[in-house]
Amino acid sequence: MKYEVIIPAAGQGKRMNAGKNKQFIELNGIPVIVHTLKVFENDSDCMGILLVVNPSEKEMFTEMADRFSISKIRAMISGGNERQHSVYNGLKAASSEIVLVHDGARPFVNKRMITELVSAAFHDGAATVAVPVKDTIKRVLNNEVIETVERSSLWAVQTPQAFRLFDILAAHKEAEQSHFLGTDDASLIERSGSKVRVIEGDYTNIKLTTPDDLLLAKAILESERGEKEC
């Protein structure tokens, strides 16, 4: 089933302390964003990529796309003040019935997740990948434990998230009008009263946020290379 994907890549990722947009940090000689883009570039069901960027970095993204033969970028769209605003800008340029939203700094998404998400969004309207929480979760106030949270129903949400375009556009418009900022795009659908289906993701589908995440990313790449060589 065909889809378009919006990839917000305009944020500077200050927690990475890289002195530049973390999308340009290299893993095995390839920028993080290119690892992400290639997943969708190689997916025959992807009709196009809408890449949301900082206008001052547009030329850098264009040169990078040319260098690594990324041909499915249909438009580079200017980002907003918040991630939610950036995604909304991207949604306004989308045209397919089903649209995915995926973090540019989450390079280990795979075809299985995408296929299941698109199918779930087509049938149910909205879906997200997530993984069950493995750690014990405690609610803390002023550095003291208030309670231990029962974790059997807790899931850590990832991206991609998939939606019917009409529904997610309406949810973003309502959020804009009411000055509401959600924690993710699925939360805007939840706020509208609609359901969001959960597709089990993968614990390797990490978002690169801090320097420690880069160490884990390199380990994942080495593991994947080892599997291919076997």
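Up top is the structure these notes are about.
The following paragraphs examine the structure supplied in this document. In this text, all values refer to a predicted model and were calculated from it rather than measured experimentally.

1. Here's the deal with the sheet that holds strand β7 (residues 126-132)
Phase 1: Strand order in the open sheet formed by 7 strands is β5-β4-β1-β6-β10-β7-β11, with mixed pairing between adjacent strands. The sheet is open, and its two edges are formed by β5 (73-78) and β11 (197-200), each paired on a single side. Averaged over all adjacent pairs, the angle separating strand axes in this sheet is 25°, with direction ignored.
Phase 2: Each of β1 (3-8), β4 (46-53), β5, β6 (98-101) and β10 (155-164) touches helix α3 (residues 83-92); the most contacted strand, β1, lies at about 150° to it.

2. Some remarks on helix α2 (residues 58-67)
The periodicity of an α-helix, 3.6 residues per turn, causes residues three or four positions apart to be oriented the same way.
Phase 1: Buried within α2 we find Phe-61, Met-64 and Ala-65. The buried residues of α2 occupy an angular sector of 100° when the element is viewed end-on, so they sit on one face. Opposite its buried face, α2 presents the exposed residues Glu-59, Asp-66 and Arg-67, each directed more than 90 degrees away.
Phase 2: Contact partners of the buried residues in α2: β3 (30-31), α1 (32-41), β4 and β5.
Phase 3: Positive phi shows up at Ser-69, right after α2, with a value of about 55°.

3. Section: the layout of surface pockets
Any empty space left between atoms is shown by rolling a water-sized probe over those atoms.
Phase 1: Of the voids in this model, the largest pocket is the one considered here, and its volume is about 620 Å³.
Phase 2: At 3 residues, α3 tops the list of elements feeding residues into the lining of the largest pocket.

4. Comments concerning the packing of aromatic side chains
Phase 1: If you walk through the whole model with that rule in mind, you get 2 aromatic pairs.
Phase 2: Plain terms: the ring middles of Tyr-3 and Phe-40 are 6.4 Å apart, the flat faces sit at 75° to each other, and that makes the pair edge-to-face. Pair noted here: Tyr-3 is in strand β1 and Phe-40 is in helix α1, with a separation of 37 residues, a long-range link.
Phase 3: Overall, Tyr-3 belongs to the buried group, its relative accessible area being 1%.
Phase 4: On the basis of relative accessible area, Phe-40 is assigned to the buried category, the value being 0%.
Phase 5: Here Phe-24 and Phe-61 contribute two aromatic rings whose centre-to-centre distance is 4.7 Å and whose plane-to-plane angle is 45°, an arrangement assigned as tilted. Placement of the pair is Phe-24 in the loop between β1 and β2 (26-27) and Phe-61 in helix α2, with a sequence separation of 37 residues.
Phase 6: Residue classification places Phe-24 among the buried residues on the basis of a relative accessible area of 12%.
Phase 7: According to the relative accessible area criterion, Phe-61 is buried, its value standing at 0%.

Rules behind the numbers
For every chain, the first residue of the written sequence is number 1, and numbering continues from 1 onward in sequence order. Reporting of local features is limited, given that this is a predicted model, to residues whose pLDDT is at least 70; pairs of side-chain atoms are given and counted only at 80 or more, and all residues count toward the totals for whole chains, interfaces and linings. Hydrogens and water are ignored here; the side-chain numbers use all heavy atoms of the structure. In this analysis, strands are considered paired if DSSP registers two or more bridges between them. Numbered from the N terminus, helices here are DSSP runs of H or I no shorter than four residues, and strands are runs of E no shorter than two. Axes here refer to lines fitted to C-alpha atoms; in helices the fit is confined to the stretch in contact. Angles between the N-to-C directions go from 0 to 180 degrees. The contact criterion used is simple: two residues touch if any of their non-hydrogen atoms lie within 4.5 Å. Partly exposed residues are those whose accessible area sits between 20% and 50% of the maximum for their type, while under 20% is buried and over 50% is exposed, using a 1.4 Å probe and protein chains only. What the arc covers is the set of directions going from the helix axis to the C-beta atoms. Here a cavity is any set of points on a 1 Å grid over the protein atoms alone where a 1.4 Å probe fits but cannot get out, and a pocket is any open set with protein on both sides within 12 Å along at least 5 of 7 lines; a residue lines the site when it has an atom within 4 Å of a point. Grid points are joined across faces, edges and corners, and a volume is the space filled by probe spheres set on the points. The pairing test for Phe, Tyr and Trp rings, Trp by its six-membered ring, is centres within 6.5 Å, and the orientation test on the planes gives stacked under 30 degrees, edge-to-face over 60, and tilted for anything in between.

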